[in-house]
2 protein chains.
Amino acid sequence: MSTMTAAQQREQAKVAYDAFVAGCPSRQLLDRISDKWVALVLAALADEGTMRFSQLGRRLAGVSQKMLTQTLRSLERDGLVVRSVTPTVPVTVDYTLTPLGESLDELMRGLKAWAEAHMDVVQAARDEYDAR
Amino acid sequence: MSTMTAAQQREQAKVAYDAFVAGCPSRQLLDRISDKWVALVLAALADEGTMRFSQLGRRLAGVSQKMLTQTLRSLERDGLVVRSVTPTVPVTVDYTLTPLGESLDELMRGLKAWAEAHMDVVQAARDEYDAR
DNA sequence: CGGGGTAACTCTCCATTGGTAAGTAGGCAC
DNA sequence: GTGCCTACTTACCAATGGAGAGTTACCCCG
């Protein structure tokens with residue numbers, strides 16, 4: 001058979017994708033920032049400079065402690081924040097953006113600005129869609 | 001009691017958050033684009049102009065049909081893409097970006113550019129973190 | 001010396017989400 | 001009729017994320 005069914009084409013594309021995605025940097029970053037809490041941590045740290053764990057927990061109040069530690073760890077691993085432990089009475093942990101983290105945050109602010117500028121249009125589109 | 005325990009502070013912050021988040025447009029948008037597939041659909045449509053359902057399925061090959069329909073529906077609802085059905089033999093469905101969708105895509109390209117420029121630094125940070 | 005309080009986690013359980021695979025509708029080709 | 005096409009929809013199942021309690025390590029008060 002010289003022609004392929006749609007199912008076969010999908011199958012083939014899937015294999016190509018598996019190989020492709022492993023080494024694609026923009027895709028890796030996408031996975032990183034496609035995490036709801038990453039953007040919020042970045043924004044909070046950019047606003048306040050240095051913040052403690054509990055401060056962050058209050059600022060992005062909806063976050064669970066589990067997800068906060070998890071997010072901060074991965075950001076630290078990627079070199080976007082620095083984690084510094086001060087051995088005070090109850091231990092104090094501070095987080096700060098690195099220059100790299102700051103540069104990413106600038107792009108994020110662009111998204112925030114877009115949201116504020118266009119959210120009313122989006123809302124109108126939603127209302128219209130739901131009405132029909 | 002005039003002072004609050006940390007637990008009580010967290011509880012209070014949580015209530016404030018619930019009220020805050022419901023009406024915050026930038027947060028709503030964040031939830032929208034914090035979906036892995038949204039960015040990819042946007043990028044694909046911006047590249048190719050109009051695409052059919054199966055074309056998109058092949059382009060972002062890792063996507064399941066379920067998630068593709070789901071993503072496209074929500075983008076349509078938000079006025080970022082248009083869906084047009086042509087009643088040909090097997091029905092043909094085309095998707096195109098609206099001007100609104102295009103404007104969001106421009107920001108996304110900024111992120112892509114950041115990724116390509118900085119992914120090597122991130123990778124180096126990861127390696128170092130994993131090594132110690 | 002023991003009980004209580006604190007910060008930053010860590011663990012356990014459960015609900016929601018996303019992936020896989022199979023099924024559906026309507027029409028044409030055989 | 002049987003089978004195949006596109007664009008879904010549905011059923012099931014594994015993984016992810018949230019809620020909340022538990023843990024560690026320390027100090028202070030009585």
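Residues numbered from 1 in each chain as written. Chains lettered and ligands numbered in written order. Predicted model: local features only at pLDDT ≥ 70, side-chain atom pairs only at ≥ 80, totals over all residues. Heavy atoms only, no water.

Two orientations exist for strands paired in a sheet by backbone hydrogen bonds: parallel and antiparallel. All names here are of chain A. If you walk across this open sheet you meet the three strands as S1-S3-S2, and the pairing is antiparallel. In this open sheet, the two edge strands, each paired with only one partner strand, are strand S1 (51–52) and strand S2 (81–86). Pairing of S2 with strand S3 (residues 92–97) involves six bridges; the strand directions are antiparallel. Paired with Val 85 across the strands is Val 93, a residue of S3. Of the strands in this sheet, S1, S2 and S3 touch helix H3 (residues 36–48), which is tilted by about 95 degrees from S3. (Pairing = 2+ DSSP bridges. Helix = DSSP H or I, 4+ residues; strand = E, 2+ residues; numbered from the N terminus. Contact = heavy atoms within 4.5 Å. Axes fitted to C-alpha atoms, helices over the stretch in contact; angles between N-to-C directions.)

For the rest of this paragraph, the subject is the pairing of strand S3 (residues 92–97) of chain B. Residues and elements named next belong to chain B. Burial of S3 is extensive: five of the six residues sit out of reach of the surface. Pairing analysis gives two bridges linking strand S1 (residues 51–52) to S3, with the strands arranged antiparallel. Of the residues in S3, the one forming a bridge with Met 51 is Tyr 95. Between strand S2 (residues 81–86) and S3, which pair antiparallel and follow one another directly, the connecting turn spans five residues. (Buried < 20%, exposed > 50% of the residue type's maximum accessible area, 1.4 Å probe, protein only.)

Here chain A averages 82 in pLDDT, while 81% of its residues score no lower than 70. Across chain A, element-level confidence peaks in S3(A) with a mean pLDDT of 96 and bottoms out in helix H1 (residues 6–22) of chain A with 52. (pLDDT = per-residue confidence, 0-100.)

If you look at the interface, chain A gives 49 residues, while chain B gives 49 residues. Summed over both sides, the interface of chain A with chain B buries roughly 4,400 Å², with 69% coming from carbon and sulfur. Among the residues of chain A in contact with chain B, A:Arg77, A:Leu111 and A:Trp114 are the three that bury the most area, contributing 16% of the side total. Counting every contact that joins chain A to chain B gives four salt bridges. (Buried area = accessible area lost by both parts, 1.4 Å probe. Salt bridge = Lys/Arg side-chain N within 4 Å of Asp/Glu carboxyl O.)

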